[in-house]
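# Descriptive structure summary
One letter stands for each residue in the lines below.
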Amino acid sequence: MSADDTVIIPLRWLDGEAPTGVAGVTWGTPIPRGVLTDPARLRVREVGGEERPAQFWPLATWPDGSLKWVGCAIGAAATPGEHELIIADEPASPEGPVRVDDAGAVRVSTDVLEVVFGEPGGAALVSSIRRNGAVVAEDLTLVSSRQGSIDELGGGSRIPAASLIESVAVEQRGPIRAVVKVIGRHREEGSGREWLPFSVRFVLMAGAEQIRVVHSFVWDGDADHDFLAGLGVSARVPLHSAEHDRHVRIAGAEGGLFSEAVRGITGLRRDPGEHIRTAQIRGEALPALAEWSPLVSKRLHLVPTWGDFSLTQANADGFLLRKRTRAGHAWIDAGAGTRSEGYISLTDASTGGLGIGVRSFWQSFPGRLDIRDAATDVGTVTAWLHAPDADPMDLRFYHDGLGQDDFATQLDALGITYEDYEPGFGDAHGIARTHELTLFVYAGTAPVEQVAAEVVSLQSPPLLQPTSEHLHAAGVFGDWAPVDRSTPVRSEIEDSIDFLLDFYLGQVDQRRWYGFWNYGDVMHAYDPDRHVWRYDVGGYAWDNSELSPDLWLWTSYLRTGRADVFRLAEAMTRHTGEVDVYHVGRWAGLGSRHNVQHWGCSAKQLRISSPAYRRYFHYLTADERVGDLLDELRHSDRRFLDTDPTRKVREDAATYRPDRNALAVGLGTDWGALAATWLADWERTGNEWSRDRLLGTMADIAALPHGFLTGEALYDLDTGRFDTTRDRIAVSHLSAVFGLVEIVSELIDLVDVPGFRDAWFNYCRLYLATPQEQARAVGAPLSGIHLEQAHSRLTAYVAAQEGDDEQAARAWAAFEGIGEWLVHRRDFRLDRIEPPYVLNAIDEAPSVSTNDAAQYGLAAIQNLALIGNRLSKEAR
């Protein structure tokens, strides 16, 4: 390939400017259809400079077999610069490639580190970590404890547990990036009970001094008898030098660091010498005692050693730091602050040591960071993901049922608290949680300036991304376009989208939407009388992806490239894909509708677990954990056998029994989620089973007498096909607002299934048609027509595809004010509410709820992309 015909894919750093250094970067990039089949032909180069060693692997393919998404990785670099991808012939080779040996225990080596992983049957996930040949950490283990009961003060005896390794698998072997996945469970001391299944991935990058760790666990306990009282990651650190050469670093808030030696020699009554004090503050190995003032060196044994340190982040606004000399002696307050950045290290100035960092540490409270036995030959460093001194996790349902023992009473309750309750369904068994951690492997004690920079990268990891223009040109993720402010009305609509994004970004902090199980979600609806979101009102509390805020945030990121929007969408993906979805048990593969507790609602549905909400993050970052979540859903259609989503509203509820060859599946929220599942599986893995079910059901919808207007079809679980003889019309305002619009748009572009496009166009054309037009088409006006503003994008889709100005005008009219549940940009305002009328000063937008914000945002984005050229100046 000559220089003249080289394909260039521009990249950018998520936070704008190139970072001062990176410990390796992994990201995903789309490739236009038909351009490339072999990822080995990709290269990374600095703009206007040299090629960089890189690693590539397929994430997804187009139906023609060409690459659609590619995972990319570059190793550590001190000055990474600006980058771009090119398609060439020979990849560049790293000077110090990652090497994997799994002939026995898995061993991963780089030019900096050597990591030996534990083996099945043992407790240690990692047996040892060496740097420059010296062991700096060993026996990295998961630790936990459980209480069998809880009283009003949280008391009760605790049963400790540790990890039990079941398998160790190498997922990537380099040369730039190696990934090792460890699977196991926690085993309790004494009883030997095994629970809390986990998967932990370790990512090692060429040239890096750090190891990325992604820890996920499933809560599979009994909420009435299992109260998790601590969950952490712990490692032993061998110490060889004198106590005055051992150092502790703990991150506070806003760049602050606690930096002390195990035996401090500053502030004493006698001075060891200025150069001695200066060296200790810098973390350097101190000169021999002979160079010290004898007034200090002869009395050094009388200076206490501080062997134990603890920082506890009890909530989102405060941490306490304490230390003590050793167990059995009092803790001494050593500091306090607001929001710790979740880093702790124990190092020997001569031989090195280990740091552990927890991303989103204070946001995921309660957490704790511990060092123990730092004055002995082997210290320990523990990052507690759930602090053992916090209240044990209480996952019991929050009320007693209020007498809702039958469907009639439960439906009645929907009319007052909007809560869909059913006995036994508010069960957390099967939910999960993922944390991202970093292990920092030191050859000595790092300067505080280096540690401070590492903490910044821990919490905001440098990330390369394709530009918005390239993402759009590649034709991924449906109907959207980069921001365009070329006319006053376009600019006005863009301002309104920004208003909503900024509002939610601010609400996360103002309303303290933080905590172990909460971080990443937003609330559903607002209570202007109390000036609070309805956190305690049934189905109005946590949103759980209701009406697709996930899609709104990700689509907003695609077109703006905003780092703050990316990180909110990232946190939401981590939360909604883990906490709001069941991973084991009776509802595995289903998600829970919005509720006071994320798992509290009895509506367990595919519309919440849909891959439509997770694909963005997986493809943009090549994140393996979200890949696991997509894999889990492959056979989620089996849940229709035991959990009928419409069981409470069926006219034949008393007699209906699921028939595996005639399962009632909605063509909106249900099939939309299944289509997203099968599409993700097909394009990621090439699975023909998923391909056939996707294409087959698309053909069946086309063959139904009324297509999507049928509302519900009978699904044969064995064949993966619909019964095409069903002749009925049933339209729901919810069908198209949980990802169906986005997935169908992608499918029509991807594959040509005869009749499917027409079936979708007919639905889109008739939804906002006049009653007379509907009657002429199907014999009677359609009922169930609501959310007109949200559905304006359906009409816009028809207008764009057919160049129909009349349909475009109808779409903009619906977006601008015809219909109910309307939120309009002219009503967007912020009101500042100050104490004593609220607990803390807050901003409220009285007209905004998450349903409306998400669907307004999506409609605005998609209408601008589809028919923005038909937006009149008078539109208001």
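As a reminder, the structure under discussion sits directly above these lines.
These remarks concern the structure in this document. Here the structure is a predicted model, which means the values were calculated and not measured. (Residues numbered from 1 in each chain as written. Predicted model: local features only at pLDDT ≥ 70, side-chain atom pairs only at ≥ 80, totals over all residues. Heavy atoms only, no water.)

Before going further, it helps to spend a moment on the overall build of the protein chain. For the protein chain, the count of helices and strands is 19 helices and 37 strands. Compactness check: the protein chain gives a C-alpha radius of gyration of 29 Å against a globular reference of 29 Å for 876 residues, within 12% of the reference. For the protein chain, the spread of C-alpha atoms along the principal axes amounts to about 105 × 75 × 55 Å. Counting all 876 residues of the protein chain, 59% fall into the buried class. Taking the intrachain contacts of the protein chain between residues at least 6 apart in sequence as the baseline, contacts between residues at least 24 apart amount to 68%. Accessible surface for the protein chain amounts to roughly 32200 Å². Of this, 49% is attributable to carbon and sulfur atoms. Averaging the coordinates of the 84 positive side-chain charges in the protein chain and doing the same for the 125 negative ones gives two points 3 Å apart. (Helix = DSSP H or I, 4+ residues; strand = E, 2+ residues; numbered from the N terminus. Rg over C-alpha atoms; globule rule 2.2 N^0.38 Å. Buried < 20%, exposed > 50% of the residue type's maximum accessible area, 1.4 Å probe, protein only. Contact = heavy atoms within 4.5 Å. Areas by Shrake-Rupley, 256 points an atom, 1.4 Å probe, with all protein chains shown as cover. Lys, Arg positive; Asp, Glu negative; His and termini not counted. Charge placed at Lys NZ, Arg CZ, Asp CG, Glu CD.)

Attention shifts here to the pattern of salt bridges. Applying the stated rule across the entire model yields 74 salt bridges. A salt bridge links Asp317 to Arg512, with the nearest nitrogen and oxygen atoms 2.9 Å apart. With Asp317 in the loop between strand 20 (308-315) and strand 21 (318-324) and Arg512 in the loop between helix 6 (488-510) and strand 29 (526-527), this pair connects stretches of sequence that are 195 residues apart. Residue classification places Arg512 among the partly exposed positions, given a relative accessible area of 32%. (Salt bridge = Lys/Arg side-chain N within 4 Å of Asp/Glu carboxyl O.)

With that settled, consider the sheet that holds strand 4 (residues 51-52). The five strands lie next to each other as 4-3-7-1-28, forming an open sheet whose pairing is antiparallel. Lying at the two open borders of the sheet, with one neighbouring strand each, are strand 4 and strand 28 (464-466). As judged from the two bridges shared by strand 3 (residues 42-46) and strand 4, these two strands associate in the antiparallel manner. Bridging from a neighbouring strand, Val44 pairs with Arg52 of strand 4. (Pairing = 2+ DSSP bridges.)

For the rest of this paragraph, the subject is helix 7 (residues 549-560). For helix 7, spanning twelve residues, the distance from its first C-alpha to its last is 16 Å, which sits close to the expected 16 Å at 1.5 Å a residue. By the criterion of burial, helix 7 is predominantly enclosed, with eleven of the twelve residues buried. Buried within helix 7 are the following residues: Pro549, Asp550, Leu551, Trp552, Leu553, Trp554, Thr555, Ser556, Tyr557, Leu558 and Arg559. Of the residues flanking the end of helix 7, it is Gly561, one or two places downstream, whose phi is positive at about 75°. (Expected span 1.5 Å × (residues − 1).)

Before going further, it helps to examine unusual backbone geometry. Between Gly174 and the following residue, Pro175, the backbone shows a cis peptide bond with an omega angle of 15°. Among the structural elements, Pro175 can be located in the loop between strand 13 (158-173) and strand 14 (177-188). Following Phe365, the chain continues to Pro366 via a peptide bond in cis, the omega torsion being 0°. Tracing the sequence through the fold places Pro366 in the loop between strand 24 (352-358) and strand 25 (367-372). Despite not being glycine, Asp373 has its phi angle at roughly 60°, a positive value. Tracing the chain through its elements places Asp373 in the loop between strand 25 and strand 26 (378-386). At Ala622, a position not held by glycine, the phi torsion is positive, near 60°.

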